[in-house]
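Observations on the three-dimensional arrangement
Listed here are the chains, written in short residue letters.
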Amino acid sequence: MTPLHASSVPVTLCGCANSHAAGIRTGTAVVRTPQIASQPKPRASWIQTADSNDRTLPCCTCRLRFGHHTSPRSRPPARARRRRAAMETLMVDRVHSSLRLFMHRNAIFLCERLCAQFPSETNVQLLATCYLHNNQPYAAYHILKGKKLPESRYLFATSCFRINLLREAEETLCPVNEPNMEVPSGATGHYLLGVIYRCTGRISAAAEQFTQALTLDPLLWLAYEELCILGIAEDTDECFSESTALRLQQEHTSMPTLVKSNFANENRVLSSRVSASLGDISPKQIKQLHANNIAEVSGYPHVRPTALHVQNSSTSNVPQFDTPSPTAAQTSSIMPPPLFRNVHAYQNTISGDAPTKQKANGVNQPLRRKYMDEARLKKVSGRLFNSDSTSIPRRSERLKDTATNSNSNTSQFGGNGTGHSSGKLRVNSSTPSKLCSTAIHSVQVRKGKPRATDNFDEGSRYEVIDEMWTDNISGTSSSVSTADGRSFEQDKAERILLQDSKLALGIRELLGLFRTLGEGFRLSCLFKCQEALEVYRKLPESQFNTGWVLCQVGKAYFELVDYLEADRYFELAHRLSPCTLDGMDIYSTVLYHLNEEMRLSYLAQELISIDRLSPQAWCAVGNCFALRKDHETALKNFQRSVQLDSRFAYAHTLCGHEYSALEDYENSIKFYRCALQVDERHYNAWYGLGVVYLRQEKFEFAEHHFRRAFQINPRSSVLMCYLGMALHSLKRNEEALEMMEKAIAADKKNPLPKYQKALILLGLQKYQEALDELERLKEIAPHESSMYALMGKIYKQLNILDKAVFCFGIALDLKPPAADLAIIKSAMEKVHLPDELVEDDL
């Protein structure tokens, strides 16, 4: 309809508009009507040709009554809206399918089309998810900036974290201006915020967030793992306790009820919109939609295919994809309508041959629904649960009854024209199967020839279909109670009790497994390695022989300086799970200490072939070159590992070790401090700083850093020994001796504390005790040249020169390092000179 202007065509209102204002607004001009007609004109006079001299516009009441629209562009037709909703739902479904199949580029392409066609924030969230899956956090950051929905905030914070914008990620999860705003995404949001706090050095705040995440989700293993790494994890008996099991059981038992109620509500909404959705689907399309759904579900003969299909469609297209645009009413346009056993009758029912305007008798609708429902229930119950074959008429008898009663059915439904109301349905309720067959047959019409029996109201017809669809479960339950002689509610209660008992048993078994694994990992992070090994041995064989557990066992032996056992378990883990790279950096260090050059080289090449972008692989390559004393090449490989993962603390520490070997102490200190920024409890970095300061003769700094490392790992014999060396350098010999005794008790196979103890005793002029300690050291390390050189020096102090010369000779025969070789030769040549003339270089 073209817009009217004040200067073109005079406009009048219909007669029923006496209570309206004297003018109406059309387009941009206000038209004042010169007169108001006394009588309303017929509807045909309103729709005039273009050359008419005047136009009479209907009022609001007339527009509502006759369906007249003043502006056809005010809103799109219902059919177009339903098609757009179907298109959006289909595109969302394809995006999720591509993500499940790891076709990330295809998902991004489809989701970009989706956002262009349907620009909603939920679709933008889906596109950001696709970008994150495809390792494009910068793209997700760009499209999510400024979004306010909780899910958008979580995705934006994840994008910021991946591109190392920690401050912006923190402000997104926990805005400063709105401190009471809830952290999005529940437990995972608190976990991400805790990781941000830990990376920025706020340990107490990080621990609080990890604890909150674990409270919300007791099965969030990563949160408990972070607490263990921070060294503040509580005992697993408290974290995975019986109360936690009861809470999980309550959550999981209440979930099916919620899902069931949600599905029932969605089912009612969908069924109430069936009449609206059928208008967009032709009989040919319905036949194609139902071609694969007419048969009963295999293995479940009591389940109707229609209910199953609608349930799958509603759960997969609407709630799973989080798309608010296509509501349940909109998605009903693409849902297949409920199935009849007589498909042709149903197709003809919804075809365009039916009259468009029909009158219905409201009194007949409840009676018709009642008889239709009873007939359907009796028929379903007889087909499913009655074992007596005589209770169900054979197909030939039903067809015969249908042919016999066809004429009577026509008169029962009544009405010979479109203007007549449908007659009352007079049937005997004692014959349910005939009634159901007759009811369906009475709706059936021949293609192209509408019958008078199809004159009952369209809305009433779909109400009958609605109740037949949604009340299928109630009909089945009533048939069970009549056939088996016991209530369906009792069977349902028994099944629920059985499922609850199985669920409770499964939850307790899972929490028991978490208790064992968590306790072992907690003890390992506290460096109580022997206790951790005992806990891991309690695991069942199927769980113990996994890559993760075997790597944890190997790390425990590594901390105990038992490199042979560590090698054995790491090798077994690598054999069982060759593509698992976690822990392979420690494995390469084990091979480095064992001087297994060939095996270390093979491991490095294998890890590089698996994943060239993993920091563990480049650590193995660096250890391989470090074993060959090629420190510069080793340093390049360690720096490559740092570039791949800047939060990999061990790679920073290895870089510091190489700089220390090159005597570049400034850069060495720099990398050690970077490692501590990543992980404050990384005791290897504290130890490295102590060694640097010890070599620079900054003994107080060295003692401080060694003590910090010792506080983190109080059972390390090496840390005790170096702390004793720093104390000895500070002339605190008594404390140094006490620390050496602890180091020897912690690891009797470690030769270093015995040697350092002998040096301290020599400084205290306790020569015989020093010799006794060196004799015990000889049993552990008989081929140490420095040990024999120290024995020669002690014998010289005791004026036993022949034994002194003998010990110096053995030290030279053992091929000492080049730096020690000259010192030993000089001491051997000056063995007969007085001590006042000899400089003490040993």
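What comes next concerns the included structure. Model, not experiment: these values are computed from the prediction.

Right, let's get into the overall build of the chain. Within the chain one finds 44 helices and four strands. Look at the contacts in the chain between residues 6 or more apart in sequence, and 58% of them connect residues 24 or more apart. Accessible surface, the chain as shown: approximately 45,400 Å² in total, 52% of it carbon and sulfur.

What follows concerns the nonpolar core. Of all hydrophobic cores here, the largest spans 111 residues; its most connected members are Tyr224, Tyr536, Phe544, Val553 and Phe570. Dropping the residues within four chain positions of it, Phe544 is found in contact with Tyr536, Leu539, Val549, Leu550, Val553 and Tyr569. Counting residues in hydrophobic clusters, the runner-up holds 56 residues, among them Tyr693, Ile712, Tyr755 and Tyr767.

Attention shifts here to unusual backbone geometry. At Phe102, a position not held by glycine, the phi torsion is positive, near 60°. Tracing the backbone shows Phe102 in the loop between α3 (78-100) and α4 (104-117). A positive phi is found at Glu663, a non-glycine position, where the angle reads about 60°. Along the chain, Glu663 turns up in the loop between α34 (649-661) and α35 (665-678).

This part takes up helix α33 (residues 631-644). The end-to-end C-alpha distance of α33 is 20 Å, a good match for the 20 Å that 14 residues give at a rise of 1.5 Å each. The set of residues buried in α33 consists of His631, Ala634, Leu635, Asn637, Phe638, Ser641 and Val642. Taken end-on, α33 shows its buried residues confined to a sector of 165°, consistent with a single buried face. Among the exposed residues of α33, those pointing more than 90 degrees away from its buried face are Glu632, Lys636 and Gln643.

Let us now look at the packing of aromatic side chains. Summed over all chains, the structure comprises 19 aromatic pairs. Centre to centre, the rings of Phe521 and Trp548 are 5.9 Å apart; their planes meet at 35°, and the pair counts as tilted. Of this pair, Phe521 sits in helix α25 (residues 488-525) while Trp548 sits in helix α28 (residues 547-559), placing them 27 residues apart in sequence. Accessibility expressed as a relative area gives 7% for Phe521, which makes it buried.

What follows concerns the packing of helix α39 (residues 733-746) against helix α40 (residues 751-763). When two helices pack together, their arrangement is given by the angle between their axes and by how far apart the axes lie. Between α39 and α40, whose axes approach to 9 Å, the crossing angle comes to 155°. When the axes of α39 and α40 are compared, the pair comes out roughly antiparallel. Of the two possible hands of crossing, α39 and α40 adopt the one that is left-handed. In this structure, α39 uses Asn733, Ala736, Leu737, Met740, Glu741, Ala743 and Ile744 to contact α40, whose residues at the interface are Pro753, Lys754, Gln756, Lys757, Ile760 and Leu761. When grouped by side-chain class, the residues that make up the contact of α39 with α40 number eight nonpolar, two polar and three charged.

Its place among the elements puts Gly512 in helix α25. Measuring from C-alpha to C-alpha, the distance between Gly512 and Phe240 comes to 7.7 Å, with 272 residues separating the pair along the chain.

Mapped onto the fold, Asp679 is located in the loop between α35 and α36 (683-695). Side-chain polar atoms of Asp679 contact the backbone nitrogen of Arg681, separated by 3.1 Å. In this structure, Asp679 is in contact with Ile229 and Ala649, ignoring residues within four places of it in sequence.

All right, on to the packing of helix α5 (residues 121-133) against helix α6 (residues 137-144) then. Here α5 crosses α6 at 165°, and the two axes come no closer than 7 Å. One element, α5, and the other, α6, form an angle in the roughly antiparallel class. The two elements α5 and α6 cross, and the hand of that crossing is left-handed. Here Val124, Leu127, Ala128, Tyr131 and Leu132 of α5 lie close against α6, whose contacting residues are Pro137, Ala139, Ala140, Ile143 and Leu144. Residue classes in the contact of α5 with α6 are distributed as 10 nonpolar, no polar and no charged.

With that settled, consider the pattern of salt bridges. Using the criterion set out here, one finds 23 salt bridges in the structure. Close ionic contact of Glu775 with Lys778 constitutes a salt bridge, the shortest N to O distance being 3.5 Å. On the criterion of helical spacing, the pair formed by Glu775 and Lys778 is a turn pair, its members being three residues apart in helix α41 (residues 767-780). Classification of Lys778 by relative accessible area gives partly exposed; the value is 27%. Bridged by salt links that share partners, the residues Glu741, Lys754, Lys757, Glu773 and Arg776 form one connected network.

This brings us to helix α43 (residues 801-813). Relative to the 18 Å expected for 13 residues at 1.5 Å per residue, α43 spans 18 Å between its end C-alpha atoms, a close match to the ideal helical length. Lining the buried residues of α43 we find α42 (785-797) and α44 (818-829). Just downstream of α43, Lys815 is the residue with a positive phi angle, here 55°.

Once that is clear, we can look at the environment of Pro615. Residue position: Pro615 is located in helix α32 (residues 615-627). Among the residues examined, Pro615 registers a relative accessible area of 10% and is labelled buried. Taking C-alpha positions, Pro615 is 8.4 Å from Phe638, a pair spaced 23 residues apart along the chain. Setting aside residues no more than four positions away along its own chain, Pro615 makes contact with Ser641, Leu644, Asp645 and Phe648.

Procedures and definitions
- Residues numbered from 1 in each chain as written.
- Predicted model: local features only at pLDDT ≥ 70, side-chain atom pairs only at ≥ 80, totals over all residues.
- Heavy atoms only, no water.
- Helix = DSSP H or I, 4+ residues; strand = E, 2+ residues; numbered from the N terminus.
- Contact = heavy atoms within 4.5 Å.
- Areas by Shrake-Rupley, 256 points an atom, 1.4 Å probe, with all protein chains shown as cover.
- Core = buried A, V, L, I, M, F, W, Y, C linked by side-chain atoms within 4.5 Å.
- Buried < 20%, exposed > 50% of the residue type's maximum accessible area, 1.4 Å probe, protein only.
- Expected span 1.5 Å × (residues − 1).
- Arc of directions from axis to C-beta.
- Phe/Tyr/Trp six-rings, centres within 6.5 Å; stacked < 30°, edge-to-face > 60°.
- Axes fitted to C-alpha atoms, helices over the stretch in contact; angles between N-to-C directions.
- Parallel < 35°, antiparallel > 145°, perpendicular 65-115°, else oblique.
- Left-handed = near helix turned anticlockwise from the far one by under 90°.
- Nonpolar A, V, L, I, M, F, W, Y, C, P; charged D, E, K, R; others polar.
- Polar contact = N/O pair within 3.5 Å; in protein donor to acceptor, adjacent residues only side chain to side chain.
- Salt bridge = Lys/Arg side-chain N within 4 Å of Asp/Glu carboxyl O.

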